[in-house]
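# Reading the structure
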Amino acid sequence: MTVHELSRTDARRIAVRAQLLDDSRPTDLLAVVRHLTLLQIDPTAAVAPSADLVAFSRLGRSYEPARLAAALADRVLLELRAMIRPSEDLALYRAEMADWPGRGELRDWQQDTRDWVRANDACRRDILERLAAQGPLTSREIPDTCAVPWTSSGWTNHRNVTQLLELMVRRGEVATAGRRGRERLWDLATRVYPADPVVPADEARRVRDRRRLRALGIARAQGPQCPVEPMDVGVAGEPAVVEGVAGLWRVDPAYLGQEFAGRVALLSPFDRLIHDRRRTVELFGYDYQLEMYKPVAKRRWGYYALPILSGDRLVGKLDATADRRAGVLRVDAIHEDEPFDPATAAAVRAEISELADWLELDLALPGSRPT
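This text gives an overview of the structure that appears in the document. Remember, predicted model here, so these are calculated numbers, not experimental data.

### Points about the overall build of the protein chain
Scanning the protein chain for helices and strands turns up 12 helices and 14 strands. Compactness check: the protein chain gives a C-alpha radius of gyration of 22 Å against a globular reference of 21 Å for 371 residues, within 12% of the reference. Taking the principal axes of the C-alpha coordinates as reference, the protein chain spans close to 65 × 60 × 40 Å. Buried positions account for 51% of the 371 residues belonging to the protein chain. Taking all contacts inside the protein chain whose residues are at least 6 apart in sequence as the whole, residues at least 24 apart take part in 62%. Of the side chains in the protein chain, 54 bear a positive and 55 a negative charge, and the two mean positions are spaced by 3 Å.

### Looking at the sheet that holds strand 7 (residues 218–219)
Spatial ordering of the open sheet is given by 1-8-9-7, a layout of 4 strands whose pairing is mixed. The strands lining the two open edges of the sheet, one partner per strand, are strand 1 (4–6) and strand 7. Of the strand pairs in this sheet, strand 7 and strand 9 (residues 245–251) are connected by 2 bridges, and their pairing is antiparallel. Following the sheet pairing, Ile-218 is matched in strand 9 by Val-251.

### Here's the deal with the packing of aromatic side chains
Across all of its chains, the model carries 5 aromatic pairs by this definition. Relative to Trp-301, the ring of Tyr-288 has its centre 6.0 Å away and its plane inclined at 5 degrees; by these criteria the two rings are stacked. Taken together, the positions of Tyr-288 in the loop between helix 11 (277–284) and strand 11 (306–310) and Trp-301 in the loop between helix 11 and strand 11 put the pair 13 residues apart, joining distant regions of the chain. The burial state of Tyr-288 is the same as that of Trp-301; both residues are buried.

### What about the state of the cysteines?
Going through the model one piece at a time under the given rule, you end up with 0 disulfides. Just so you know, Cys-146 is unpaired, no disulfide at all, and the nearest cysteine sulfur is the one on Cys-123, 3.6 Å from it. Under the relative-accessibility criterion, Cys-146 is labelled buried at 16%.

### Side note on the nonpolar core
Counting 71 residues, the largest nonpolar core has Leu-318, Leu-329 and Leu-355 as its most contacted members. Setting aside chain neighbours within four positions, we find Leu-318 in contact with Leu-266, Tyr-304, Ala-305, Leu-306, Ile-308, Val-331, Ala-333, Ile-334, Ile-352 and Leu-355.

### Considering the sheet that holds strand 13 (residues 328–336)
Strand order in the open sheet made by the 5 strands is 10-11-12-13-14, with mixed pairing throughout. Each edge of the open sheet is held by one strand with a lone partner, namely strand 10 (264–266) and strand 14 (362–364). Taking the axes of each pair of neighbouring strands and ignoring which way they run, one obtains an average angle of 30 degrees across the sheet.

### Things to note about the pairing of strand 6 (residues 183–188)
The pairing of strand 5 (residues 174–180) with strand 6 spans 6 bridges and is antiparallel. Following the sheet pairing, Arg-179 is matched in strand 6 by Arg-184. Linkage of strand 5 to strand 6, two consecutive antiparallel strands, is achieved through a turn of 2 residues, within which Gly-181 is found at a positive phi near 65 degrees.

### Side note on the packing of helix 2 (residues 29–36) against helix 10 (residues 201–216)
Across the interface, helix 2 lies against helix 10 with an axial gap of 8 Å and an inter-helix angle of 115 degrees. For the pair formed by helix 2 and helix 10, the contact residues are Arg-34, His-35 and Leu-36 on the first element and Arg-211, Arg-214 and Ala-215 on the second. Classifying every residue of the contact of helix 2 with helix 10 gives 2 nonpolar, 1 polar and 3 charged.

### Describing the pairing of strand 11
Within strand 11, 5 of the 5 residues are buried, which leaves the element mostly enclosed by the surrounding structure. The alternating pattern of strand 11 places Leu-306, Ile-308 and Ser-310 and Pro-307 and Leu-309 on opposite faces, both of which are buried. Examined bridge by bridge, strand 10 and strand 11 share 3 bridges and lie antiparallel to one another. Within the sheet, the bridge partner assigned to Ala-265 lies in strand 11 and is Leu-309. Where strand 11 lies against strand 12 (residues 313–323), 5 bridges are found, and the strand directions are antiparallel.

About the cut-offs
- Residues numbered from 1 in each chain as written.
- Predicted model: local features only at pLDDT ≥ 70, side-chain atom pairs only at ≥ 80, totals over all residues.
- Heavy atoms only, no water.
- Helix = DSSP H or I, 4+ residues; strand = E, 2+ residues; numbered from the N terminus.
- Rg over C-alpha atoms; globule rule 2.2 N^0.38 Å.
- Buried < 20%, exposed > 50% of the residue type's maximum accessible area, 1.4 Å probe, protein only.
- Contact = heavy atoms within 4.5 Å.
- Lys, Arg positive; Asp, Glu negative; His and termini not counted.
- Charge placed at Lys NZ, Arg CZ, Asp CG, Glu CD.
- Pairing = 2+ DSSP bridges.
- Phe/Tyr/Trp six-rings, centres within 6.5 Å; stacked < 30°, edge-to-face > 60°.
- Disulfide = S-S within 2.5 Å.
- Core = buried A, V, L, I, M, F, W, Y, C linked by side-chain atoms within 4.5 Å.
- Axes fitted to C-alpha atoms, helices over the stretch in contact; angles between N-to-C directions.
- Nonpolar A, V, L, I, M, F, W, Y, C, P; charged D, E, K, R; others polar.

Below is the structure:
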């Protein structure tokens, strides 16, 4: 098979187009989610929830968050491990759930997790019986009858019910049935997931790899293990090399040779265009970290800085906060990786104004009064 030779510009444009961030804006929310395969959920909403920001970046101010909420309520979209996915895609995960904790020789951590679930089988069965009789329920409404506590150096330490529920999701036994405020509602998976035929595990993995490559445009064939959603794509697509970047890539050939016209977009820190930080550096030469967990004095760009896309380049970061009590989108800084030319500066300001209008907030730029 021919190995496609791409410039970095080619590769960037493929990545931008694949993520629906060129100037051909989509118009339908469900079509966007089906193409992207997922919207990541994150509780931080310094500007807006990440899933809504991703949708706004594609659809513009016509996007209404109520449409996403309605699709979840109607279960056209479903939540699986903090990702919103099309309901029909659940069939691609059910065989993997049945194989939990995995096929073949298990790693130490897989064995430890399996053994912990086994040690707490009475609690697991109690959860299933309680949900069958009373569900859906929040985790707070489920008694902790675990015989062995979950131990961790992180925030999950002794959060026995929550951790067991998460593992029961991976086993295909329970599912997120909705939310009460920010709290998840749990129910039996058989009541939540569609009764579509289960796709065999190997075939499902190949389909997911192909769909992931369609959403990314260009990706590595292999990469480090990532929780929930891989960054690599196996043998999907066709091989490619990128000028000035070591190693082989996989590219979706449907994007080769297409014309490109870009636009300015403000991205969620969890946007899939920049989620793979290594790819972001290799293709875009863009340095970015989410700094909300850093001390204030060590932040370069702000608590929840939004990456700024212009055409096929990532050109800066927007440090902004939605102050809903004051009714203002407060912009503390527009960080320019390199000085913006007048056209870029104007387009970025216009997109920030669009964001404020979508949020139904006045705009307060540095050194100015809200407008």
